[in-house]
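Chain by chain, the residues run as shown.
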Amino acid sequence: MYLSLLYLNPNNAQARRDLADPYSMHQTLSRVVEPGDRMLWRLETRRYGENPRVLVQTLKAPRWAEVLSRWEEPYGELAPDSPKEVHLKLRPGRLLRFRLYANPTVTQEGKRLGLYREVEQICWLNERLKERGAAIQKVIVTRREKLTFKKQGKTITLATALFDGVLEVTDPDRLRAALERGIGHGKAFGLGLLSLAQYRE
């Protein structure tokens, strides 16, 4: 599995379009993956004075030249250590920090409905992680909002939540599969990427 951190160039017209339209961003980033590969991405919280950053996860080494050299004005610039191959050591009982920007939903009468209340979103996350080999130890919802954009002339609105916290590994195989596949719906729109990192108290 590979992680890449890309700093977008706001002077590039395509980068500006992608920042305004998550589906356009997905289409641009899809150029870096080989056929059959799976890509997940997340637009990261912007720091003051810093260009927008997008985190991209692929199962195979990404082909960044397909995007970075496509336009006369550079689309963006990779962080110095990107892309980097990641080998997470997952074992039962290990504590890890996590971040997930997701689309919490519930299905009622065959319709998928967004969850907007914080307590409902945390309950949704607890259930999803439990099914995927992890138990939440701590969690905060650092951002809750409606994500609205156009796709093929239709307006799409998604409930979104950014979760940050600490989890305990209960089933390494299921958690690894969740890392590779993502969690929840809306993956083409920058949702579902579960990020794990070492935890220190």
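Quantities reported herein were computed from a predicted structural model and do not represent experimental measurements.

Participant: Whenever I open this one, the nonpolar core confuses me. Can you help?
Facilitator: Burial of nonpolar side chains together is a common tendency in soluble globular proteins. Core analysis: the biggest nonpolar cluster contains 23 residues, and Leu129, Phe163, Leu167, Leu194 and Leu196 have the highest contact counts within it. Elements that contribute at least two residues to this core include exactly β6 (95–102), α4 (118–131), β9 (134–151), β10 (154–169), α5 (172–181) and β11 (194–198). Each residue touching Leu196, except ones within four places of it in the same chain, is listed here: Leu88, Leu90, Leu96, Arg97, Phe98, Leu167, Leu175 and Leu179. Core analysis: the second largest hydrophobic core is formed by 15 residues, Leu8, Met25, Val32 and Val54 among them.

Participant: For this particular structure, what's the right way to read the pairing of strand β7 (residues 105–108)?
Facilitator: Along any regular strand the residues' side chains alternate between the sheet's two faces. As paired elements, β7 and strand β8 (residues 111–114) share four bridges and run antiparallel to each other. Following the sheet pairing, Val106 is matched in β8 by Leu113. Counted between consecutive antiparallel strands, the loop separating β7 from β8 contains two residues, among which Glu109 sits at a positive phi close to 50 degrees.

Participant: I tried to follow the sheet that holds β6 on my own but got confused; where do I start?
Facilitator: Within the open sheet, the four strands sit side by side as β9-β10-β6-β11. Their pairing is antiparallel. Sheet topology places β9 and β11 at the edges, where each strand pairs with a single neighbour. Here the strands of the sheet are splayed against their neighbours by 15 degrees on average, with no regard to which way each runs. Here eight bridges tie β6 to β10, and the two strands are oriented antiparallel to one another. Counterpart to Phe98 in the pairing with β10 is Gly165. Packing against the sheet, α4 makes contact with β6, β9, β10 and β11, and its axis sits at approximately 115 degrees to β9. Across the face of the sheet, α5 comes into contact with β9, β10 and β11 while running at roughly 125 degrees to β11.

Participant: Is there a simple way to explain helix α2 (residues 22–29) in this structure?
Facilitator: In an α-helix, one full turn covers 3.6 residues, which means residues spaced three or four apart are oriented alike. Most of α2 is tucked away: six of the eight residues are buried. What α2 keeps buried is the set Pro22, Ser24, Met25, His26, Thr28 and Leu29. Looking at the packing, one finds that the buried side of α2 touches β1 (2–8), α1 (13–20), β2 (39–43), β3 (53–58), α3 (65–68) and β9. The N-capping residue of α2, defined by a side-chain oxygen 3.0 Å from the backbone nitrogen of Tyr23, is Asp21.

Participant: Would you take a moment to explain the pattern of salt bridges for this structure?
Facilitator: Throughout the structure, instances matching the rule amount to ten salt bridges. Linking Glu44 and Arg42 is a salt bridge whose minimum nitrogen-to-oxygen distance equals 2.6 Å. For Arg143, the salt bridge identified is with Glu145, shortest N-O distance 3.2 Å.

Reading the values: the criteria
- All chains use their own residue numbering, which begins from 1 and follows the written sequence.
- Predicted model: local features are reported for residues with pLDDT of at least 70 only, side-chain atom pairs are reported and counted for 80 or more only, and whole-chain, interface and lining totals are derived from all residues.
- Note: side-chain values were computed over all heavy atoms of the structure, leaving out hydrogens and water.
- Residues belong to a common nonpolar core when they are buried Ala, Val, Leu, Ile, Met, Phe, Trp, Tyr or Cys residues joined through side-chain atoms within 4.5 Å.
- Burial here depends on accessible area, computed with a 1.4 Å probe over protein chains only, as a share of the maximum for the residue type. Under 20% is buried, over 50% is exposed, and the range in between is partly exposed.
- Helical segments are the DSSP runs of H or I of at least four residues, strand segments are the runs of E of at least two, and each set is numbered from the N terminus.
- The contact criterion used is simple: two residues touch if any of their non-hydrogen atoms lie within 4.5 Å.
- Between any two strands, at least two bridges found by DSSP are needed for them to pair.
- Only the contacting stretch of a helix is used when fitting its axis, a line to C-alpha atoms as for every element, and angles between N-to-C directions run 0 to 180 degrees.
- Whenever two N or O atoms come within 3.5 Å, that pair is a polar contact, provided that in protein one can donate a hydrogen and the other can accept it, and provided that, for residues adjacent in sequence, both atoms are side-chain atoms.
- For this document, the term salt bridge refers to a Lys or Arg side-chain nitrogen within 4 Å of an Asp or Glu carboxyl oxygen.

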